[in-house]
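Read off the chains here:
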Amino acid sequence: MLERVLFTGDVVYNGVGLPLENAGVLVAKESSIDPGTVIVFGKLEDLRSQYPDARVEHLGRAILPAPVNAHTHLDLSHVPFKAAPYTPWIGYVISRRELRGLAAAKHGLELLRAANTSIFGDIVARAEVMPFLLAAEGFSGVAYWEVLGANPDQADQIFADTTALIREWRKLERPNGVRVGLSPHTAHTVSSVLMKKLVAFARLEGIPLQIHIAESPAELEMFQTGSGALAQSITRAFDIPLEQIFGRQPGFDLTCVSHLEQLGVLDAKPTLIHGVNVVETDVQMIARAGCTVVTCPRSNRNLECGVLPWQLYAKYGVEVALGTDSVASGESLNIADEALAALEIHGSSLGWRNIVRYASRGGYKALGMKTPTVHRGDSFSSLSVWK
Ligand SMILES: [Zn+2]
């Protein structure tokens, strides 16, 4: 016998526009094991008055399209979590480089599976990890090959090596599986010469990009004054002055974002990771270019990087996605945990509706994928539930 059930959640989202608060989705079920067929989405009070005979069942915090973890470093999944300021934290990870690799990435993928996430954007720093992710059954998204190279003298060689790898890996892509992407790490670990070459290549070949930007407050200080903890650490690590990496002197008119804009990088619409320590003109440039920003609130808190100025991004209509970063800074790879932490870190001003959109529609945009929208006649099983 057909039964009408009104599934409710604190927030309900069918993938179109903004999620609804105190809402529900009415489904028709043929039996107790039938997940049900969607009839209509709506505000709870409207649905209750229109369908007074429907049984109401509250499912939890959110009903949404399959959520996306838009930024991970799966190959760091064996590096224990540590909270520390950004610059010493980078040193902590570098000193544990032997823990990175395929075994850690396999563990990370299992953590994603256990968290019911099948769509991810991962930064791949070890070559053996890429074929593994491209073959991962039941997953989709993008595996971005990470490139570092601050010395412009090495740009040609690194570029040649990178393009050869990417071309080989692209042959392993499968329909609806994980795609190959490219991640020039960030504007202070990739010379301006190499950055331009990599981005031009990605644009020409239609390869998705992720770039870390404006993560730590020391980064803004470095671009503007050429000094501070990060500037010292970078010049020591790469044994090269900043002006050779940037292709210009640091200056008060310079930020990570304005630097990328001047290099023409934003024209390729890279997905930008973090974007915490930005000024308003940075956000205007990001909006003009149509880039999506991925926020990792727990990682930003644990590395003392600050809080995403989400109001600024909202003011200019920039789409925001949600990512966990690695377990080493973000604690877990569970995007539902990240969503709850986002609510706690930002307080009620950001609100659950925005966060649910970040974790779904924002995530798909960040990875260059179409958001799956759910309509009348679709199976309720195509939606996810956060209890
Ligand atoms: Zn990252």
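A quick note: this is a predicted structure, and the numbers were derived from the prediction, not measured.

> So, the pattern of salt bridges: which residues are in play, and what are the values?
Scanning all chains against the criterion turns up 15 salt bridges. For the salt bridge of E3 with R55, the shortest nitrogen-to-oxygen distance reads 2.8 Å. Of this pair, E3 sits in strand β1 (residues 3-12) while R55 is found in strand β4 (residues 55-65), placing the two residues 52 residues apart along the sequence. When its relative accessible area of 30% is taken as the criterion, E3 is described as partly exposed. For R55, a relative accessible area of 36% translates into the label partly exposed. Here D75 makes a salt bridge to R100, at a shortest N to O gap of 3.1 Å. A residue pair is termed long-range when its members are at least 10 positions apart, and D75 in the loop between β5 (68-72) and α2 (86-94) and R100 in the loop between α2 and α3 (102-114) qualify at 25 residues. Salt bridges linked by common partners bring E3, R55 and E57 together as one network.

> With reference to specific residues and values, describe the environment of A336.
By the secondary structure assignment, A336 is in helix α15 (residues 335-346). On the basis of relative accessible area, A336 is assigned to the partly exposed category, the value being 21%. Separated by 274 residues in sequence, A336 and A62 place their C-alpha atoms 9.8 Å apart.

> Pulling in residues and values, what's your account of the packing of helix α7 (residues 217-225) against helix α8 (residues 229-238)?
Geometrically, a packed helix pair is captured by the angle between its two axes and the distance between the axes. Running from N to C, α7 and α8 point in directions that differ by 75°, and their axes come no closer than 7 Å. In terms of axis orientation, α7 runs roughly perpendicular to α8. Where α7 abuts α8, its residues A218, E219 and M222 lie against L230, A231 and I234. Residues that form the contact of α7 with α8 fall into these classes: five nonpolar, no polar and one charged.

> Before we move on, could you go through the domain arrangement of the protein chain and cite the residues and values that matter?
You can read the domains of the protein chain as domain 1 (3-63) and domain 2 (68-366). Each of domain 1 and domain 2 has a C-alpha centre, and the two are 36 Å apart. Taken together, the contact between domain 1 and domain 2 spans twelve residues of the former and eight residues of the latter. Buried surface at the junction of domain 1 and domain 2, summed over both partners, amounts to about 870 Å²; 64% is from carbon and sulfur atoms.

> Any details on the pairing of β5? Residues and values, ideally.
In terms of burial, β5 is largely enclosed, as five of its five residues are buried. Bridge count between β5 and strand β6 (residues 119-124): three bridges; the pairing is parallel. Within β6, the position partnered with T72 by the bridge is D122.

> How would you summarise the sheet that holds β5 if you had to cite specific residues and measurements?
Spatially, β5-β6-β7-β8 is the arrangement adopted by the four strands of the open sheet, whose pairing is parallel. The open sheet has two edge strands with one neighbour each: β5 and β8 (178-184). Within the sheet, the average angular offset between the axes of one strand and its neighbour, ignoring direction, is 15°. Pairing of β6 with strand β7 (residues 140-147) involves six bridges; the strand directions are parallel. Pairing of V124 across the sheet is with W145, part of β7. Contacting β7 and β8, helix α6 (residues 192-205) runs over the sheet at an angle of about 155° to β8.

> So what's going on with the side chain of H71? Residues and values would help.
With respect to the helices and strands, H71 occurs in strand β5. What H71 contacts, discounting residues up to four positions off in sequence, is G121, I123, Q210, H212, I273, V294, C296, L322, G323, T324 and D325.

> Residues and numbers for the coordination of the zinc ion, please.
Those donors, H71 (NE2), H73 (NE2) and H212 (NE2), are the protein atoms that reach the zinc ion, and they lie 2.1 to 2.2 Å from it. Counting along the primary sequence, the residues that act as donors to the zinc ion give the motif H-x1-H-x138-H.

> Go over the layout of surface pockets with me, naming the residues and quoting the values.
Approximately 850 Å³ is the volume found for the largest pocket. For the largest pocket, the lining is made up of 32 residues, of which I90, I94, R100, L148 and H185 are closest to its centre. Those elements giving two or more residues to the lining of the largest pocket turn out to be α2, β7 and α8. Broken down by element, the lining of the largest pocket gets its largest block of residues, seven residues, from α2. Quantified by volume, the second largest pocket comes out at close to 250 Å³.

> Hey, could you go over the packing of aromatic side chains for me, with residue numbers and the actual values?
Tallied over the entire structure, the rule returns six aromatic pairs. Geometrically, the ring pair formed by F223 and F246 is stacked, given 4.5 Å between the ring centres and 10° between the ring planes. With F223 in helix α7 and F246 in helix α9 (residues 242-246), this residue pair connects regions lying 23 residues apart in the sequence. Its end group placed over the ring of F132, K106 keeps NZ or CZ at 5.9 Å from the ring centre.

Reading the values: rules and limits
Residues numbered from 1 in each chain as written. Predicted model: local features only at pLDDT ≥ 70, side-chain atom pairs only at ≥ 80, totals over all residues. Heavy atoms only, no water. Salt bridge = Lys/Arg side-chain N within 4 Å of Asp/Glu carboxyl O. Helix = DSSP H or I, 4+ residues; strand = E, 2+ residues; numbered from the N terminus. Buried < 20%, exposed > 50% of the residue type's maximum accessible area, 1.4 Å probe, protein only. Axes fitted to C-alpha atoms, helices over the stretch in contact; angles between N-to-C directions. Parallel < 35°, antiparallel > 145°, perpendicular 65-115°, else oblique. Contact = heavy atoms within 4.5 Å. Nonpolar A, V, L, I, M, F, W, Y, C, P; charged D, E, K, R; others polar. Domains from an automatic or database assignment. Buried area = accessible area lost by both parts, 1.4 Å probe. Pairing = 2+ DSSP bridges. Donors = N, O, S within 2.8 Å, 3.2 Å for Na, K, Ca; no water. 1 Å grid on protein atoms, 1.4 Å probe; cavity = no way out; pocket = protein on both sides within 12 Å on 5 of 7 lines; lining within 4 Å. Points joined across faces, edges and corners; volume = space filled by probe spheres on them. Phe/Tyr/Trp six-rings, centres within 6.5 Å; stacked < 30°, edge-to-face > 60°. Lys NZ or Arg CZ within 6 Å of the ring centre and 35° of its normal.

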